[in-house]
Amino acid sequence: MIARRLETRLHPDDRIDPGKAGPQVMRYVTVNVAESPVAWLASRGMLTMGQLHAGERLRADYERAGLAARVTMRWDAAPPAKSRGGARAGDASLARIDAHRRFHAAVDHVGPGLADICWRVICAGEGISGAEKALRWPARSGKLVLGLALDRLVRFYGLG
């Protein structure tokens, strides 16, 4: 059995007040490293450290941008009567807007053929065999294609 390793991480985009200069209180988050399929592959020597960091960076941008589907009720105030719903520009923080921009730029850089496996494995947390079946790929091809996609992400994020 693989031991779960919890790490406390800090990201510069998580500043409480992005407009304020100087030292600020930063947000610390405890992350279960074993929950990511990319971390699982890297722990078994199937990915390089650059690929791992690029995959985790894409996943962090995805989470920070709030692109994941909501599974619970939203308890914030209802939109004004004149609005037809949806998020207002004032609702999003600068960090969320930057993460949204970075995520879409990274997916565009990876390309249409490789972006599918990136989203399924890195962002949605789907296993490689499940992604291969959903994309109707041959068995054991997903790991190779994911490696190619992660290499492009390494170049995009400048980690290579």
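Check the entry above for the structure.
Bear in mind that the values here come from a model prediction, so they are computed numbers and not experimental data.

**Describing the packing of aromatic side chains**
Here the structure, examined in full by the defined rule, presents 2 aromatic pairs. Centre to centre, the rings of F156 and Y157 are 5.0 Å apart; their planes meet at 75°, and the pair counts as edge-to-face. Judged by its relative accessible area of 29%, F156 is partly exposed.

**Here's the deal with the state of the cysteines**
Any covalent bond linking the sulfur atoms of two cysteines counts as a disulfide. Under the defined criterion, the tally for this structure stands at 0 disulfides. Counting only cysteine sulfurs, C123 is the nearest neighbor of C118, a cysteine outside any disulfide, at a range of 7.5 Å. Judged by relative accessible area, C123 falls into the buried class, the value being 8%.

**A look at helix α2 (residues 49–65)**
Relative to the 24 Å expected for 17 residues at 1.5 Å per residue, α2 spans 24 Å between its end C-alpha atoms, a close match to the ideal helical length. Within α2, the full set of buried residues consists of Q51, L52, A54, G55, E56, L58, R59, D61, Y62, R64 and A65. With its phi angle positive at about 70°, G66 sits one or two positions after the end of α2.

**What to know about the side chain of R59**
With respect to the secondary-structure elements, R59 resides in helix α2. By relative accessible area, which is 16% here, R59 ends up buried. Here R59 is in contact with E35, S36 and I122, once residues within four sequence places are set aside.

**Digging into the packing of helix α3 (residues 94–110) against helix α4 (residues 112–123)**
Where α3 meets α4, the closest approach of the two axes is 8 Å, and the angle between their N-to-C directions is 135°. When the axis of α3 is compared with that of α4, the two are oblique. In terms of crossing hand, the pair formed by α3 and α4 is right-handed. In this structure, α3 uses F103, V107 and V110 to contact α4, whose residues at the interface are L114, A115, C118, W119 and C123.

**Here we look at the environment of L144**
Among the structural elements, L144 can be located in helix α6 (residues 142–157). The class for L144 is exposed, based on a relative accessible area of 60%. As for L144 and M46, which are separated by 98 residues in sequence, their C-alpha atoms are 9.8 Å apart.

Parameters at a glance
Residues numbered from 1 in each chain as written. Predicted model: local features only at pLDDT ≥ 70, side-chain atom pairs only at ≥ 80, totals over all residues. Heavy atoms only, no water. Phe/Tyr/Trp six-rings, centres within 6.5 Å; stacked < 30°, edge-to-face > 60°. Buried < 20%, exposed > 50% of the residue type's maximum accessible area, 1.4 Å probe, protein only. Disulfide = S-S within 2.5 Å. Helix = DSSP H or I, 4+ residues; strand = E, 2+ residues; numbered from the N terminus. Expected span 1.5 Å × (residues − 1). Contact = heavy atoms within 4.5 Å. Axes fitted to C-alpha atoms, helices over the stretch in contact; angles between N-to-C directions. Parallel < 35°, antiparallel > 145°, perpendicular 65-115°, else oblique. Left-handed = near helix turned anticlockwise from the far one by under 90°.

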